[in-house]
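Chain residues, written in single-letter form:
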Amino acid sequence: MTTPTAREKHLIRAYGDRRDDGIIQLSFTLPVIASEKAKEAAKIYCQKLGLTDVKVAAVERAAENYTFFVVYARSAVVLDYNEIDTPEIVIKKKSFHDLNAQIEEEIARRVVVFGACTGTDTHTVGIDAILNMKGYSGDYGLERYPWFEAFNLGSQVPNAELIRRAKEKSADAILVSQVVTQRDVHKENSRAFIDEAKKQGVLGKMTLLLGGPRVDHKLALELGFDAGFGPGTKPSDVANFIVHQVLQRMGKEQKGAHYEGEPT
Amino acid sequence: MSGLFITDEQIAQARALARDITDPTFELIAKNTTVSVERTVLRWFGVDGVGTMGAPLVNLMVDRLKAAGVLNKGAAYWYGRALRMGASSPLDAVERLTAAPLETLKALPAGEEQQLRADVRAEAEAMVRELKDRVAARQALKHEFPMAPTPHKYLIVATGNIFDDVDQARAAAQAGADVIAVIRSTAQSLLDYVPHGATTEGYGGTYATQENFRIMREALDDESKKLKRYVQLTNYSSGLCMSEIAFCAAWERLDMLLNDAMYGILFRDINMRRTFIDQYFSRRICAMAGLIINTGEDNYITTADAYDAAHTVIASQFINESFARRAGLADWQLGLGHSYEIDPHRPETLLLELSQAMLVRRCFPDAPLKYMPPTKHKETDIFFSHAYDVMADLVAVWTRQGIQLLGMMTEAMHTPLLADRYVALKSASYLHRAARGIDEEFTVREDGKIANRARFVFGKAIELLSECQKDGMVAAIGRGRFGDVKREETGGKGLDGVLEKAPDYFNPFLDIMEGR
């Protein structure tokens, strides 16, 4: 019989202004008229969430029949931080210059990337931030990388068209941006994209990336993409990931390796 | 004469350049019509409803006329022919026309032809009077319940379901909103028809339909009376059905419409010729119905960089103004668009934003202007995001913007929650209250950063306008001068819906609106 190895625990609680005070802040709206009763309802609501020491800080009449609350309370929830599982960091994110140099040396050709907002989505803000020259938050877009060849097809591009165009240029990666998320239209369209990728035989051959404000890595993997990039993603995150994938496909990098900054 | 930053002569020069730039398109507009313009004519005669397969009757009728190769005489003419065939109602007219052998239908004797046109013209005049009566009813309500002082706080609802939208709109109005916009379902601009009836399913927004307009305006009329403050309603007259939406909005007493002469071309890849023709007819309707238009220059600086492309906003505003004035719109109807979009990581952005907003105000002193909040550089840290929006509130009141879209602290995350709107309204009201009149207290130094930046941007706008004047708008758009987007004259969607008018083309509504 084997006994589990004893591991040191690292217990954490939410931090307000003292260790382990468990203070959290939250705000929400209840569909009732603002009143003392509404305030009490907000308090009970928070208690039912398992919170204690509930302080309803603000009770605001957001509209005739709606009240908005700001609440501070304590949570007794404790986590063992050492039990949190995150991918190991084995590859360091490279700078603009170093990444270009690596492509030149190890791939020895330009990395071809296609991107678009597919389906009915008209919001190009995400794909533009990643691909356009200018980039995002002081981080250059892929068009600026001399060793990337980036094609931004814009918005409302049919999935089939994006894949067809990418195939014509033997692209290394396709970026699909989905900004509109109402009624989960982004998931529906992303599934349709993967179906189309299977049909056109690029699944598993090209790196397929999904991005958007409600996208995370886990969701993207579930949908069949190679990675997902959510809010705050910088173009350099995407560039590093693509290079890392291309090298893997060339057998120059270990499968299953992760790089620093890869979506987790 | 000199004023803030630049001289009046310089502004007059920009205006003259814009006029030269828009000139050639008016030749195109005069010679051609579109399927959407013709559908608008039929809607105005009262052709409403859908056929058995759900297609709007106006589409069925116009498609039939187009297929028969006779649409170039104008849908109004054929409507008149149907009446002479004994049609007893607009629906009956559609049925008779779709059944008639249009290809072989002979022209009427000259006298009868003249009578037909006179009859249809009389009916058009009656319909125009009815539209004006509806507009007058709106004016009366506005008079009874005056609007709050400007900037008018503009809030968006976008649930996809018009009835849920009504709840959200009422809540926003109660919290202080002055203008409610119902965002359209994603990609509606690419539909070459206007959906019919009340709708409860949409993506990223709610379909713009005449019935949805009616439902929302009715709710806001009710709310205006309760609040004793008129609450305005706006929607989007862009895409392939610009003029039809303009008509539906005018008829249902909307107060504003997004309506841009170039937006569809640049951001929806709608054909240039189609857009120029459609925007003209739609703006004629807006002019007559007293609708304020909102232009979309703010979009340029969400695609291009707001610092580098500031001059494209100014240049485009002069072009949009020229198109608008030539469609009969008055200055008070021009909600020219611009926004607070410079990357906040740069230094001195408050000065830069003030400079830009002051420059726009200087160039268009009598226009209400439409000021957009930051979106492109929004962060998911809602606390920062909220502070960022508040700076736009300050600039809006400082530069006397007529219409201000309120930023949402959850921009870049999800469609606004009810509480997001409430929080935005509360702080915008505070800033407007706290800083109203600040422009009269502080004089901007003529040798400072704000003035020098404004002069620089204006100078580049003149350069761009000069380039457009020399090479033409088409060439300038082809080079990606606006919003970094490149388009060709014969590219994009909807060109097949453009057709040259026959010499005896008949459109009594256009005649009336153009004062003939």
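Residues numbered from 1 in each chain as written. Chains lettered and ligands numbered in written order. Predicted model: local features only at pLDDT ≥ 70, side-chain atom pairs only at ≥ 80, totals over all residues. Heavy atoms only, no water.

Asks: Describe the sheet that holds strand 3 (residues 179–182) of chain B, listing the residues and the values that go with them.
Replies: Hydrogen bonding along the main chain pairs the strands of a sheet, whether they run parallel or antiparallel. All names here are of chain B. In spatial order, the strands read 7-6-5-4-3-2-10-9-8; together these nine strands make up an open sheet with parallel pairing. Pairing within the sheet leaves two strands with one partner each, and these edge strands are strand 7 (334–335) and strand 8 (337–339). Two elements, strand 9 (residues 370–372) and strand 10 (residues 403–405), share two bridges in a ladder whose sense is parallel. Following the sheet pairing, K370 is matched in strand 10 by I403. (Pairing = 2+ DSSP bridges. Helix = DSSP H or I, 4+ residues; strand = E, 2+ residues; numbered from the N terminus.)

Asks: Now, about the nonpolar core: what can you tell me, with residues and values included?
Replies: In globular proteins that are soluble, nonpolar side chains generally tend to be buried together. By size, the foremost hydrophobic cluster in this structure holds 153 residues, and its most contacted members are W44, F318, F458 and F482 of chain B. With residues up to four places along the chain from it excluded, the contact list for W44 of chain B reads M127, V128, L131, F247, W251, I285, M288, F509 and M513 of chain B. L99, A173, L209 and V246 of chain A belong to the second-largest nonpolar core, a separate cluster that totals 25 residues. (Core = buried A, V, L, I, M, F, W, Y, C linked by side-chain atoms within 4.5 Å. Buried < 20%, exposed > 50% of the residue type's maximum accessible area, 1.4 Å probe, protein only. Contact = heavy atoms within 4.5 Å.)

Asks: Explain a nonpolar patch on the surface to me, using residue names and the numbers behind them.
Replies: Residue and element names in this part refer to chain A. A cluster of nonpolar residues, V77, L79, Y81 and I84, forms a patch on the protein surface that exposes about 380 Å² of accessible area. Considering the arrangement of structural elements, one finds V77 in the loop between strand 4 (66–75) and strand 5 (79–80). Taking relative accessible area as the criterion, V77 reaches 54% and is therefore assigned exposed. (Patch = residues over 30% accessible without salt bridge, like charges linked within 9 Å, V, L, I, M, F, W, Y side chains within 5 Å. Areas by Shrake-Rupley, 256 points an atom, 1.4 Å probe, with all protein chains shown as cover. Salt bridge = Lys/Arg side-chain N within 4 Å of Asp/Glu carboxyl O.)

Asks: Give me the lowdown on helix 16 (residues 418–435) of chain B, citing residues and values where you can.
Replies: Residues and elements named next belong to chain B. Between its first and last C-alpha, helix 16 extends 26 Å over 18 residues, near the 26 Å set by a 1.5 Å rise per residue. Within helix 16, 13 of the 18 residues are buried, leaving the element largely enclosed by the surrounding structure. Just downstream of helix 16 lies G437, where phi reads positive at about 95°. (Expected span 1.5 Å × (residues − 1).)

Asks: How would you sum up the packing of aromatic side chains? Please name residues and give values.
Replies: A full pass over the atoms with the stated rule returns 26 aromatic pairs over all chains. Here the aromatic rings of F45 of chain B and F509 of chain B are separated by 4.9 Å at their centres, their planes lie at 55°, and the arrangement is tilted. Here F45 of chain B is found in the loop between helix 2 (35–44) and helix 3 (57–67), whereas its partner F509 of chain B is found in helix 20 (residues 508–513), with 464 residues between them in sequence. Accessibility expressed as a relative area gives 3% for F45 of chain B, which makes it buried. Ring geometry for Y77 of chain B against W78 of chain B: centres 5.0 Å apart, planes inclined by 85°, an arrangement best described as edge-to-face. For the pair formed by Y77 of chain B and W78 of chain B, the shared burial category is buried. Cluster of aromatic residues (ring-pair linked, three or more members): W44, F45, Y79, F247, W251 and F509 of chain B. When the ring centre of Y140 of chain A is taken as reference, the NZ or CZ atom of R144 of chain A above it lies at 4.2 Å. The side chain of R453 of chain B reaches across the aromatic face of Y307 of chain B, ending 4.1 Å from its centre. (Phe/Tyr/Trp six-rings, centres within 6.5 Å; stacked < 30°, edge-to-face > 60°. Lys NZ or Arg CZ within 6 Å of the ring centre and 35° of its normal.)

Asks: How would you explain the sheet that holds strand 6 (residues 111–117) of chain A if you had to name every residue and give the values?
Replies: Residues and elements named next belong to chain A. As summarised here, the arrangement of the five strands in space is 7-6-8-9-10, forming an open sheet in which the pairing is parallel. Pairing within the sheet leaves two strands with one partner each, and these edge strands are strand 7 (148–152) and strand 10 (227–229). Neighbour-to-neighbour, the strand axes of this sheet turn through a mean angle of 20°, independent of strand direction. Docked against the sheet, helix 7 (residues 235–249) engages strand 6, strand 7, strand 8 (173–177), strand 9 (207–211) and strand 10, running at close to 160° with respect to strand 9. (Axes fitted to C-alpha atoms, helices over the stretch in contact; angles between N-to-C directions.)

Asks: Explain the pairing of strand 4 of chain A to me, using residue names and the numbers behind them.
Replies: Residues and elements named next belong to chain A. Two elements, strand 2 (residues 23–30) and strand 4, share eight bridges in a ladder whose sense is antiparallel. Residue pairing in the sheet places L26 in a bridge with V71 of strand 4. Pairing of strand 3 (residues 51–63) with strand 4 involves nine bridges; the strand directions are antiparallel. Across the sheet, residue V59 finds its bridge partner in strand 4, namely F69. Here strand 3 folds back onto strand 4 in antiparallel fashion, the turn holding two residues.

Asks: Let's hear about the pattern of salt bridges: which residues, and what values?
Replies: All names here are of chain B. Across all of its chains, the model carries 57 salt bridges over all chains by this definition. Residues D389 and K378 are paired through a salt bridge, measuring 2.8 Å at the closest nitrogen-oxygen approach. With D389 in helix 15 (residues 382–398) and K378 in the loop between strand 9 and helix 15, this residue pair connects regions lying eleven residues apart in the sequence. Because the salt bridges share partners, they merge into one network encompassing R39, R43, D192, E244, R274 and D278.

Asks: Lay out the interface of chain B and chain A with the relevant residues and their values.
Replies: Listed per partner, the contact involves 36 residues of chain B and 27 residues of chain A. Connecting chain B to chain A are two salt bridges. Connecting chain B to chain A are three residue pairs in polar contact (both at pLDDT 80 or more). Put simply, the parts of the chain that give the side of chain B that touches chain A at least two residues each are helix 7 (162–174), helix 8 (210–227) and helix 16 of chain B. Looking at the side of chain B that touches chain A element by element, the count peaks at five residues for helix 16 of chain B. (Polar contact = N/O pair within 3.5 Å; in protein donor to acceptor, adjacent residues only side chain to side chain.)

Asks: A description of the layout of surface pockets should follow, citing residues and the corresponding values.
Replies: In this structure, the second largest pocket spans a volume of roughly 340 Å³. Lining the second largest pocket we find 16 residues, and of these S27, F68 and V70 of chain A together with F383 and M409 of chain B sit closest to its centre. Looking at the lining of the second largest pocket, the elements with two or more residues in it are strand 2, strand 3 and strand 4 of chain A together with helix 15 and helix 16 of chain B. Among the elements that make up the lining of the second largest pocket, the one with the highest residue count is helix 16 of chain B (four residues). Its residues placed into classes, the lining of the second largest pocket shows ten nonpolar, four polar and two charged. (1 Å grid on protein atoms, 1.4 Å probe; cavity = no way out; pocket = protein on both sides within 12 Å on 5 of 7 lines; lining within 4 Å. Points joined across faces, edges and corners; volume = space filled by probe spheres on them. Nonpolar A, V, L, I, M, F, W, Y, C, P; charged D, E, K, R; others polar.)

Asks: Help me get a handle on the packing of helix 7 of chain B against helix 8 of chain B, residues and values and all.
Replies: All names here are of chain B. One can describe the packing of helix 7 onto helix 8 by two numbers: an axis separation of 10 Å at closest approach and a directional angle of 25°. For the element pair helix 7 / helix 8, the angle class is roughly parallel. Like other packed secondary-structure pairs, helix 7 and helix 8 cross with a definite hand, here right-handed. In contact with I162, F163, D165, V166, A169, R170, A173 and Q174 of helix 7, helix 8 contributes N212, I215, M216, A219, L220, D222, E223, K226 and L227. When grouped by side-chain class, the residues that make up the contact of helix 7 with helix 8 number ten nonpolar, two polar and five charged. (Parallel < 35°, antiparallel > 145°, perpendicular 65-115°, else oblique. Left-handed = near helix turned anticlockwise from the far one by under 90°.)

Asks: Tell me about the pairing of strand 8 of chain A, and name the residues and values.
Replies: All names here are of chain A. Among the five residues that make up strand 8, five are buried, leaving the element largely enclosed by the rest of the structure. Across the two faces of strand 8 the burial is the same, with A173, L175 and S177 and I174 and V176 all buried. Relative to strand 8, strand 6 is paired through five bridges, and the arrangement is parallel. Along strand 8, the bridge assignment pairs A116 with V176. As paired strands, strand 8 and strand 9 are joined by five bridges and run parallel to one another. Across the sheet, residue I174 finds its bridge partner in strand 9, namely L208.

From the geometry alone we can't say anything about function, so treat these as descriptive.
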